[in-house]
Amino acid sequence: VQLQASGGGSVQPGGSLRLSCAASRRTNSMAMAWFRQAPGKEREFVAGIRWSSGIPYYADSVKGRFTISRDNAKSTIYVQMNSLKPEDTAVYYCAYGSGTILSRVRQVDGYNYWGQGTQVTVSS
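Residues numbered from 1 in each chain as written. Predicted model: local features only at pLDDT ≥ 70, side-chain atom pairs only at ≥ 80, totals over all residues. Heavy atoms only, no water.

Draft legend 1. Region of interest: the sheet that holds strand E1 (residues 3-7). The sheet built from 4 strands is open, its strands ordered E1-E3-E8-E7 with antiparallel pairing. The open sheet terminates on both sides in strands that have one partner only, identified here as E1 and strand E7 (66-71). Pairs of neighbouring strands in the sheet enclose a mean axial angle of 15 degrees, with direction left out of account. Pairing geometry for strand E3 (residues 17-23) and strand E8 (residues 76-81), over 6 bridges, is antiparallel. Bridging across to E8, Ser-20 finds its partner in Tyr-78. (Pairing = 2+ DSSP bridges. Helix = DSSP H or I, 4+ residues; strand = E, 2+ residues; numbered from the N terminus. Axes fitted to C-alpha atoms, helices over the stretch in contact; angles between N-to-C directions.)

Written as structure tokens, this is what we have:
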């Protein structure tokens, strides 16, 4: 599976950005998600979606500010990031899980393919 991520960039606090990630393969058992990693920190879950249900999942730190969505026909996920804060600064990674179970949606080990990462910088 290949993942093609796009978006990211630099924005001032309170601004918005949108990331997208297209997968080369789609199955009904897959899940796709965004994780992020700031310098010196572990990779953390941001938002994800299981294809079979379409239910979105969010980290508490982004709930109410980020919205994940999918385009079934394009096997693509998007995350609209609003009200960005400096602490959102990180490299964002798209992830794909061939058969991610519900209990692993928020975990790094729930995914077996990763995109190349895109930088998001929130700074005044």
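There's plenty left to go through after this.
Draft legend 2. Representation of the environment of Ile-101 within the structure. Tracing the backbone through its elements, the reader meets Ile-101 in the loop between strand E9 (90-97) and strand E10 (113-114). The class for Ile-101 is partly exposed, based on a relative accessible area of 49%. Sequence-wise, Ile-101 and Asn-112 are 11 residues apart; in three dimensions their C-alpha atoms are separated by 12 Å. (Buried < 20%, exposed > 50% of the residue type's maximum accessible area, 1.4 Å probe, protein only.)

Draft legend 3. The pairing of E7, seen in detail. As paired elements, E7 and E8 share 6 bridges and run antiparallel to each other. Pairing of Asp-71 across the sheet is with Thr-76, part of E8. Hairpin geometry of E7 and E8 is characterised by an intervening segment of 4 residues between the two adjacent antiparallel strands and by a positive phi of about 50 degrees at Ser-75.

Draft legend 4. Main features of the state of the cysteines. Under the defined criterion, the tally for this structure stands at 1 disulfide. Note that Cys-21 is cross-linked by a disulfide to Cys-94, the S-S spacing being 1.9 Å. The sign of the S-S torsion, about -85 degrees, decides the handedness of the disulfide formed by Cys-21 and Cys-94: left-handed. Linking Cys-21 in strand E3 with Cys-94 in strand E9, this pair joins segments that are 73 residues apart in sequence. The pair formed by Cys-21 and Cys-94 is uniform in burial state, with each residue classed as buried. (Disulfide = S-S within 2.5 Å.)

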